Amino acid sequence: MNPDQLLHQYLLGNLGAAGTAELNRLLANDPDLQRRYRLAVRIDTELRNRSLQIPDSTTQDSDEAVLSLVKTRSPYLRTMIAIFATAVCLMIAVGLWQSPPDVVATLVSSENAAWESVLPTNPGSDLRPGTLHLKTGLATIRFGSGAELTVEAPTQIELISTMAAKLTTGAAMINVPESAIGFRLETPDGYAIDRGTKFAVRVDDDGHSTDFELIDGEIDVHHQSTGDSIRLNQAGSAASISTHRMSMIPSAVESEPEDAVGGQSESDAPAQRDQKVLRIGTEGRCGTAMPRSHKRHKFIDPAVLSVKRSGTGKWDFRSFFEFDVTHIDVADVVHARVRLNLVPSTRGVVSRLPRINRFAIYGLTNSEKFGWDVEPTWEASPGPEDGVLLGKFEIERSQNRGTFGIESDELLRFLRSHADRPITLILVRETTQIEGIGVGMTHMFASDRHPESVGPVLELTVR
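Residues numbered from 1 in each chain as written. Predicted model: local features only at pLDDT ≥ 70, side-chain atom pairs only at ≥ 80, totals over all residues. Heavy atoms only, no water.

A. Structural detail: helix 1 (residues 3-12). Along helix 1, the positions that sit buried rather than exposed are Leu 6, Leu 7, Tyr 10, Leu 11 and Leu 12. Looking one or two places after helix 1, you find Gly 13, whose phi comes out positive at around 85°. (Buried < 20%, exposed > 50% of the residue type's maximum accessible area, 1.4 Å probe, protein only. Helix = DSSP H or I, 4+ residues; strand = E, 2+ residues; numbered from the N terminus.)

Set out below in structure tokens:
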């Protein structure tokens, strides 16, 4: 007899010694059968107690209760037990008695994450099918198949099975090993089937457009409505899906959205003025160099200072800003600090970056670059090679707001030795992206033209 038949006969009281031994052997090695056994015994016992008004012993466990009842010789009771046992086994066999859905994934890690979800959100938690809404930060989810998704806020993702998920909004990086080949990632208007690879996906805020970019391997991208499909098999190639069409992205290695920067900085205004502290702004003298691709019109926003280091260098960004200190008696300055306000980036995928990103600030010493333009080409802009290192700072990749900068003896010495003219500081990112050659995130800091956040500030403490 199969396990269900053994369980059925046990509930009827017809299982002999050999059958009982076989059922015990199966129960010892089959967690699913153990669950079904406990469920069947509970239902059977409860139904008989309620329907036949048989008192339930407070000292007997479920197994003893069943065994004592099945020994009863009443034909009526035996008939009722048979009916109940048959009903229980049928319910289990056809799935009418619903059990909780199986675990499909595990939340591996989270970085500065804030959630809205009925699913557990502590790292290490098992995840059943359902929806996760990541409000801030970064999180990595590993599916039972081995597929791994790193999602960045704000994003909403539905866990469907060990081989499927749906990204409703936001961005994600997907890594699919051989064990998960065929993993399906759905979006509002399409889906991608992975062939054993890494790829990135970004769904815009209103869910009307999705970009897929291949990092390594091969994926098939499908349009939900038209049935069209595109196979991406070259690193850096990308496709875009909207409500009614699907197309390749011509400049795939840097096809980044051009949304306006939004949000509020955590330091939107300087602190109360201290009589011993002078704060100097840039007065419009700040800018970002046109990348080597010379596509300034598409990627440069005067409201922000863009900073990026890419794998190839073609899409690097560096920024610079100027402080007029000629009216300050630098001999009285005892402490100097440069403060920058990080604002949410609108370009690139943050999960392509290392966990910690390092930035450096240089002081311009090359007199040939003193007259820099606020919208220069890469070649004409001041760079690290034109100055001296003044200090470094770090930002976690999951952080998109906050105040950062440097305060160092090198900065103070530079200020004292170059106070005869406005000083220029150059901002670069030293760390590069860790995955692929495409849309790694561009860090953005407020310029003095940002509508909500304060631009670069030089804080000087004087005697």
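Still more ground to cover, so stick around.
B. Spatial organisation of the packing of aromatic side chains. A full pass over the atoms with the stated rule returns seven aromatic pairs. Each ring, one from Phe 143 and one from Phe 183, has its centre 5.1 Å from the other, and the planes form 65°; the classification is edge-to-face. Separated by 40 residues along the polypeptide, Phe 143 in strand 3 (residues 130-143) and Phe 183 in the loop between strand 5 (164-175) and strand 6 (184-186) bring together distant segments of the chain. The class for Phe 143 is buried, based on a relative accessible area of 2%. The rings of Phe 359, Phe 393, Phe 404 and Phe 445 are connected pair by pair, giving a single aromatic cluster. Its end group placed over the ring of Phe 370, Arg 421 keeps NZ or CZ at 4.2 Å from the ring centre. (Phe/Tyr/Trp six-rings, centres within 6.5 Å; stacked < 30°, edge-to-face > 60°. Lys NZ or Arg CZ within 6 Å of the ring centre and 35° of its normal.)

C. Molecular detail of the pairing of strand 24 (residues 457-462). In terms of burial, strand 24 is a largely internal element, five of the six residues being buried. In this structure, strand 14 (residues 277-280) lies alongside strand 24, joined through four bridges in antiparallel fashion. Within strand 24, the residue paired with Val 277 across the bridge is Thr 461. (Pairing = 2+ DSSP bridges.)

D. How the structure looks around helix 7 (residues 409-417). Every buried residue belonging to helix 7 is among Leu 411, Leu 412, Phe 414 and Leu 415, and all of these are buried. Buried residues along helix 7 cover an arc of 160° about the axis, so they all sit on one side. Exposed side of helix 7, more than 90 degrees from the buried face: Asp 409, Arg 413 and Ser 417 are the residues found there. Along its buried surface, helix 7 packs onto strand 18 (333-343), strand 19 (356-364), strand 20 (387-396), strand 21 (402-406), strand 22 (423-429) and strand 24. (Arc of directions from axis to C-beta. Contact = heavy atoms within 4.5 Å.)

E. Spotlight on the environment of Thr 288. Inspection of the secondary structure puts Thr 288 in strand 15 (residues 286-288). Along the backbone, Thr 288 and Phe 317 are 29 residues apart, and their C-alpha atoms lie at a distance of 6.9 Å. At 3.1 Å, the side chain of Thr 288 and the backbone nitrogen of Ser 306 are in polar contact. For Thr 288, the side chain forms a polar contact with the side chain of Ser 319, separated by 2.7 Å. (Polar contact = N/O pair within 3.5 Å; in protein donor to acceptor, adjacent residues only side chain to side chain.)

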